[in-house]
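# Report on the structure
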Amino acid sequence: MSDLDVSQNVHRLIAAPTGAGKSYFLGWLVEKLYAEKKPFILLDTKTRNHIGLIGLKGVKLLKIRPGARYDWQKLLEYPYILCIPTLLTKTEDLVEQYTELIDAVYPVGKERTIIVEEAHNYNKNAYAPSPVLELVAREGRGRQISLWFVTQRIQDFPKLLWSQCYYTYLLKFMIPQDVRYVEALIPNFNEINRKLDRFDVLEYRHVSGEHQIIPAASVNRQTKHYG
Ligand SMILES: Nc1ncnc2c1ncn2[C@@H]1O[C@H](COP(=O)(O)OP(=O)(O)OP(=O)(O)O)[C@@H](O)[C@H]1O
Ligand SMILES: [Mg+2]
């Protein structure tokens, strides 16, 4: 198996049903980013999910309150940022704040990986991506901004954004309709999905159609995952 390479400045999608292990795997990827000193902003949707990552020295934790104003430009001075909602922050408020943040990060043009949990929440439907995400997905790489999308609702995540991703990571899918949906972009997914054990991750490279299975046993987190 070739090593998983997080240093490439490319967009990525992580998708799987709820509870399948997306965030645990994502945390492992973020630890790799950190080890390579690659700046990131993780836009978490849960108050505790990725909290273990603050165990990494220098990670700035930012609690997002509904309606609060943030000086995103100033906050960007921190290389590693973990954003979490407060218990009072509703999904729509969080999406609004995170959309503003992405809007602020994009023109700065400094290298950054922006990690978007529950990425399907940013669009009204699968045919209408959020304008900011669409812009950054299309143009961000030239400005060294890469997006990592995470979703548990693959059919609600815009194909337009997915088609900008260089890598897709999938854990085992259970619903035949989802498997058929994924097959539109990953032709032999049904066959590969059957081979996946619990927490195994398929890495699919869209340009070449190559894939590898990352066995669950090799996904070893350094920090605790609270999901
Ligand atoms: N590779 C793994 N090895 C051991 N345990 C794992 C692994 N991956 C995930 N888990 C455990 O499985 C549970 C669900 O994982 P996780 O929180 O990553 O799911 P998820 O796909 O992000 O779910 P949700 O859609 O609800 O956010 C957690 O308790 C996590 O610790
Ligand atoms: Mg999760």
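All values reported here derive from a predicted model rather than from experimental measurement.

### What to know about the overall build of the protein chain
Secondary structure assignment for the protein chain yields seven helices and nine strands. The C-alpha radius of gyration computed for the protein chain amounts to 17 Å, which stays within 12% of the reference 17 Å derived for 227 residues, consistent with globular compactness. A principal-axis box enclosing the C-alpha atoms of the protein chain has dimensions of 50 × 40 × 35 Å. For the protein chain, the proportion of its 227 residues judged to be buried stands at 37%. In the protein chain, the proportion of contacts linking residues at least 24 apart, taken out of those at least 6 apart, comes to 70%.

### Some thoughts on the sheet that holds strand 1 (residues 12-15)
The sheet built from nine strands is open, its strands ordered 3-4-2-5-6-1-7-8-9 with mixed pairing. Edge positions in the sheet fall to strand 3 (59-64) and strand 9 (210-214), since each of these pairs with one other strand and no more. Strand after strand, the sheet turns through a mean of 15° between neighbouring axes, direction not considered. By the bridge criterion, four bridges tie strand 1 to strand 6 (residues 145-151) in an arrangement that is parallel. Across the sheet, the residue bridging to Arg12 is Trp148, located in strand 6. Across the face of the sheet, helix 3 (residues 91-108) comes into contact with strand 2 (40-43), strand 3, strand 4 (80-85), strand 5 (112-116) and strand 6 while running at roughly 165° to strand 5.

### Here we look at the site of ligand 1
Inspection of the region around ligand 1 gives 14 residues, with Gly21, Lys22, Ser23, Tyr24 and Gly227 positioned closest. Here the shell around ligand 1 is composed, by residue class, of six nonpolar, seven polar and one charged.

### As for the pairing of strand 8 (residues 201-205)
One ladder, built from four bridges, connects strand 7 (residues 167-170) with strand 8; its direction is antiparallel. Looking across to strand 8, one finds that Tyr167 is bridged to Arg205. Sheet analysis places strand 8 next to strand 9, joined by five bridges and oriented antiparallel. Counterpart to Tyr204 in the pairing with strand 9 is His211. Taking the residues between adjacent antiparallel strands as the criterion, strand 8 and strand 9 are bridged by four residues, where Gly209 takes a positive phi near 75°.

### Digging into the environment of Ser208
Tracing the backbone shows Ser208 in the loop between strand 8 and strand 9. Of the residues examined, Ser208 has 7 C-beta atoms within 10 Å and is grouped as exposed. Expressed as a C-alpha distance, the spacing of Ser208 and Tyr166, which sit 42 residues apart in the sequence, is 9.7 Å.

### Points about the nonpolar core
In terms of nonpolar packing, the biggest core is built from 57 residues, with Ile41, Ile115, Val116 and Phe149 touching the most fellow members. It is helix 1 (residues 22-35) that contributes the most residues to this core, six residues altogether. With residues up to four places along the chain from it excluded, the contact list for Phe149 reads Leu13, Val116, Ala119, Phe157 and Leu161.

Reading guide: rules and limits
Residues numbered from 1 in each chain as written. Chains lettered and ligands numbered in written order. Predicted model: local features only at pLDDT ≥ 70, side-chain atom pairs only at ≥ 80, totals over all residues. Helix = DSSP H or I, 4+ residues; strand = E, 2+ residues; numbered from the N terminus. Rg over C-alpha atoms; globule rule 2.2 N^0.38 Å. Buried ≥ 20, exposed ≤ 12 C-beta atoms within 10 Å, placed from the backbone. Contact = placed C-beta atoms within 7 Å. Pairing = 2+ DSSP bridges. Axes fitted to C-alpha atoms, helices over the stretch in contact; angles between N-to-C directions. Near = placed C-beta within 6 Å. Nonpolar A, V, L, I, M, F, W, Y, C, P; charged D, E, K, R; others polar. Core = buried A, V, L, I, M, F, W, Y, C linked by C-beta atoms within 7 Å.

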